[in-house]
Amino acid sequence: MTYPLSQSQLSIYLACQGLDANGGNYQQASLYKLPKTVDPKKLAAAFEAVIHAHPYALSRLVLEEGMPRIEDHSGEEWHPLMQKAASIDEVRPGFCRTMDLLKDPLFRIEIYLTP
């Protein structure tokens, strides 16, 4: 089932697509280096709990008759990406990358395991 975007959501969508005069970017990227005492599995479980407590976060954008709409994906399973990296410097170059709002989830959470 899909739902229409609110006027605010539509404005943000158009800005992110570069279709308005401001051409804004609403991505907020943050990279944190955590101490080794943080258990990555517990951290991933905490992120999962937050996302599943707010199932609207799993919504996706789709086009119907040329108009963006919100599609409910609240029943989908979701896990943060967890992968190994040689160092934090290896992660930085590709960290803040463009999101395709019509293909990608509306958020990205990744956990990188470094020595």
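Given the structure is predicted, the values throughout are model-derived calculations rather than measurements.

K.L.:
Can you help me understand the overall build of the protein in this one?
P.N.:
Along the backbone of the protein there are three helices and five strands. For the protein, the α and β elements follow one another from N to C terminus as β-α-α-β-β-β-α-β. Structurally, the protein occupies a C-alpha span of about 50 × 30 × 20 Å along its principal axes. A total of 115 residues make up the protein; the buried ones form 20% of that total. Pairs at least 24 residues apart make up 68% of the contacts formed inside the protein by residues separated by at least 6 positions.

K.L.:
Which parts of the structure should I look at to understand the sheet that holds strand S2 (residues 60-64)?
P.N.:
Hydrogen bonds along the backbone pair up the strands of a sheet, which may run parallel or antiparallel. Taken in spatial order, the three strands of this open sheet run S1-S3-S2, and their pairing is antiparallel. Strands at the two margins of the open sheet, each flanked by one partner only, are strand S1 (2-4) and S2. With direction set aside, neighbouring strand axes in the sheet form an average angle of 45°. Note: S1 against strand S3 (residues 67-71), three bridges, orientation antiparallel. Looking across to S3, one finds that proline 4 is bridged to arginine 69. Packing of helix H1 (residues 7-16) onto the sheet brings it into contact with S1, S2 and S3, and relative to S3 it is tilted by some 115°.

K.L.:
Any chance you could explain a nonpolar patch on the surface here in plain terms?
P.N.:
A surface patch of nonpolar side chains, about 310 Å² in accessible area, is lined by Tyr32, Leu34 and Val38. Mapped onto the elements, tyrosine 32 comes out in the loop between H1 and helix H2 (40-53).

Thresholds applied
Residues numbered from 1 in each chain as written. Predicted model: local features only at pLDDT ≥ 70, side-chain atom pairs only at ≥ 80, totals over all residues. Heavy atoms only, no water. Helix = DSSP H or I, 4+ residues; strand = E, 2+ residues; numbered from the N terminus. Buried < 20%, exposed > 50% of the residue type's maximum accessible area, 1.4 Å probe, protein only. Contact = heavy atoms within 4.5 Å. Pairing = 2+ DSSP bridges. Axes fitted to C-alpha atoms, helices over the stretch in contact; angles between N-to-C directions. Patch = residues over 30% accessible without salt bridge, like charges linked within 9 Å, V, L, I, M, F, W, Y side chains within 5 Å. Areas by Shrake-Rupley, 256 points an atom, 1.4 Å probe, with all protein chains shown as cover. Salt bridge = Lys/Arg side-chain N within 4 Å of Asp/Glu carboxyl O.

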